[in-house]
Amino acid sequence: MKLILNCTVFLSLFLWISCQSHKERTYVEQVSEELKREYAPDKRVAIWDIHYENGVLKGETNLKGAYEKLLITLESQNISFADSIKLLPTADLGDKIFALVTISVANIRSEPKHSAELATQALMGTPLKVLKKQENWYLVQTPEGYISWVDAAGIHLISEEELAKWEKGPKVVSTEMIGYIYENDEEAEPISDITAGNILALLEETEFSFEVQLPDGRSGFVPKLSMLPFEEWISSRELSDENLIRTAKNMMGAPYLWGGTSPKGVDCSGFTKTIYFLNGMVIPRDASQQVKEGEEVDSEKNWANLEVGDLLFFGRSATADQPERVVHVGMWIGNDSFIHSRGLVRISSFNPDDPNYDEYELNRYLRTKRIRNKSGENLWPVNLLIQ
């Protein structure tokens, strides 16, 4: 009888502990999910991979504020836990938690391998936040917030102090869609290609050339006609009709490249992002992010409402069974026409009598948003790229 009673007590205690453990796990998961919805609703621009197992908080995040809020909330409920969460940037990076892109266009991928999907790109001289290292790859965050992996060969790691020094130093910006840095001012041997928007440190100025330094220490010469001093480039950026159309048309025929954001190749949202960047405005990376910005000016195919620079979005309309899905974007250039990257950068028209009439895009048109001269947390002037 005593043995039976002991077993019953033990079983009851076990069930009570299991029940309490289940309640705690459910509560922790609920709090974590609420913080994820609040601070990291878009996994492309924030990391919140937190889980709770056997009294241990595991995972990683780059959101220090949300992480601290999680700990405070659990402690306030007297939930005991071991904290094994990895806060990014990781400690093994030391003070090298920033980087500068040191090739004309760095490919930034969804996983740390060259065969992974191309998520986005970053131009030479672009400052990146470095979050962690895996073998020869670094998880980085671009100025517009995108988080993905870059090969170590494409960046130069620096400290916050080194970044500040570079930001304050004299620089020049490439204005040609495609160009070269040469070994000497005779322009005989190139040491690197460059694209529009590349930023280089300025060493010396000659009659016809700028002597420049790449972020990794290499130096060379670029023709003056293909560059502008950084301050002059910044002050000359203007989102005028003429500038937006000229920049877009200068990329006509550029090949479609999934994840591309440079004149070498662009996807649809990379194209609109590049147009705006080269004229002084940083906008979100993807079409599904861009559609959330600015002011809606049309959803009824009333083209008279549209202005040059407006962004047109295409995809699948919402139904009772499925949500809307934005899959494509282009920029309005007037005369019933827009320019976009589909296969290659091209001009399409909604006028059935126009040779560029595009019935396919007309049939999946969703809405148009105006972001030019609009403010927002994810819309900011390019001068903030480098303080």
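Scroll up a little and you will see the structure.
These notes cover the structure that comes with them. (Residues numbered from 1 in each chain as written. Predicted model: local features only at pLDDT ≥ 70, side-chain atom pairs only at ≥ 80, totals over all residues. Heavy atoms only, no water.)

1. Considering the packing of aromatic side chains
Here's step 1: Taken as a whole, this structure holds ten aromatic pairs when the rule is applied.
Here's step 2: Considering the side-chain rings of Trp233 and Phe277, the 6.1 Å spacing of their centres and the 50° angle between planes classify their relative orientation as tilted. Taken as a pair, Trp233 in helix 4 (residues 230-235) and Phe277 in helix 6 (residues 268-277) lie far apart in primary sequence, 44 residues in all. The same class applies to Trp233 and to Phe277, which are both buried.
Here's step 3: Judged by centre distance (4.2 Å) and plane angle (20°), the rings of Trp303 and Phe350 are stacked. Taken together, the residues Trp303 in the loop between strand 22 (295-298) and strand 23 (311-316) and Phe350 in the loop between strand 26 (344-349) and helix 8 (359-363) connect sequence positions 47 residues apart. (Phe/Tyr/Trp six-rings, centres within 6.5 Å; stacked < 30°, edge-to-face > 60°. Helix = DSSP H or I, 4+ residues; strand = E, 2+ residues; numbered from the N terminus. Buried < 20%, exposed > 50% of the residue type's maximum accessible area, 1.4 Å probe, protein only.)

2. Some points on the packing of helix 5 (residues 241-249) against helix 6
Here's step 1: At a minimum axis separation of 9 Å, helix 5 and helix 6 run at an interaxial angle of 130°. Classified by the angle their axes make, helix 5 and helix 6 are oblique. As for how helix 5 packs across helix 6, the hand of that crossing is right-handed. Residues Leu244, Thr247 and Ala248 of helix 5 form the contact with helix 6, whose own contacting residues are Phe271, Ile275 and Tyr276.
Here's step 2: Of the residues assigned to the contact of helix 5 with helix 6, the class counts are five nonpolar, one polar and no charged. (Axes fitted to C-alpha atoms, helices over the stretch in contact; angles between N-to-C directions. Parallel < 35°, antiparallel > 145°, perpendicular 65-115°, else oblique. Left-handed = near helix turned anticlockwise from the far one by under 90°. Contact = heavy atoms within 4.5 Å. Nonpolar A, V, L, I, M, F, W, Y, C, P; charged D, E, K, R; others polar.)

3. A short note on the sheet that holds strand 26
Here's step 1: Across the sheet, six strands lie side by side as 22-27-23-24-25-26; this open sheet has antiparallel pairing. The open sheet has two free edges, formed respectively by strand 22 and strand 26, since each of these has just one partner strand. Pairwise comparison of adjacent strand axes, ignoring direction, gives a mean angle of 35° for this sheet.
Here's step 2: With three bridges connecting them, strand 22 and strand 27 (residues 365-370) associate as antiparallel partners. Note on strand 27: the bridge partner recorded for Glu295 is Arg370.
Here's step 3: Against the sheet, helix 5 engages strand 24 (325-334), strand 25 (337-342) and strand 26, with an angle of about 115° to strand 24.
Here's step 4: The strands touched by helix 6 are strand 23, strand 24, strand 25 and strand 26; relative to strand 24, the strand with the most contacts, the crossing angle is about 40°. (Pairing = 2+ DSSP bridges.)

4. Considering the sheet that holds strand 5 (residues 98-101)
Here's step 1: Strand order in this open sheet of seven strands is 7-6-10-9-8-5-11, and the pairing throughout is antiparallel. Each end of this open sheet is capped by a strand with a single partner; those strands are strand 7 (118-123) and strand 11 (155-158). When strand polarity is set aside, the average angle formed by the axes of neighbouring strands in this sheet is 45°.
Here's step 2: Sheet topology places strand 5 next to strand 8 (residues 127-134); three bridges connect them, and they run antiparallel. What sits directly across from Ala99, in strand 8, is Leu128.

5. Here's the deal with the pairing of strand 25
Here's step 1: Counting buried positions along strand 25 yields five of six residues, so the element is predominantly enclosed.
Here's step 2: Across three bridges, the pairing between strand 24 and strand 25 is antiparallel. Bridge pairing links Trp332 to Phe338 in strand 25.
Here's step 3: Judged from the six bridges that link them, strand 25 and strand 26 form a sheet pairing that is antiparallel. Bridge pairing in strand 26 places His340 opposite Arg346.

6. Section: the pattern of salt bridges
Here's step 1: All chains considered together, the criterion is met by 23 salt bridges.
Here's step 2: Here Arg370 ties to Glu307 by a salt bridge, and the two come within 3.7 Å at their closest N and O atoms. Of this pair, Arg370 sits in strand 27 while Glu307 is found in the loop between strand 22 and strand 23, placing the two residues 63 residues apart along the sequence.
Here's step 3: Salt bridges sharing common partners tie together Asp42, Arg44, Asp267, Arg285 and Asp286. (Salt bridge = Lys/Arg side-chain N within 4 Å of Asp/Glu carboxyl O.)

7. Considerations on unusual backbone geometry
Here's step 1: Cis rather than trans, the peptide bond between Leu88 and Pro89 has omega equal to 5°.
Here's step 2: Note that Pro89 resides in the loop between strand 4 (86-87) and strand 5.
Here's step 3: The backbone of Glu135 sits at a positive phi, close to 55°, despite the residue not being glycine.
Here's step 4: Summarising the element assignment, Glu135 is placed in the loop between strand 8 and strand 9 (137-141).
Here's step 5: Residue class for Glu135 comes out exposed when judged on its relative accessible area of 71%.
Here's step 6: Here the phi dihedral of Glu187 falls at roughly 55°; this positive angle occurs in a residue that is not glycine.
Here's step 7: Topologically, Glu187 is positioned in the loop between strand 13 (178-182) and strand 14 (190-195).

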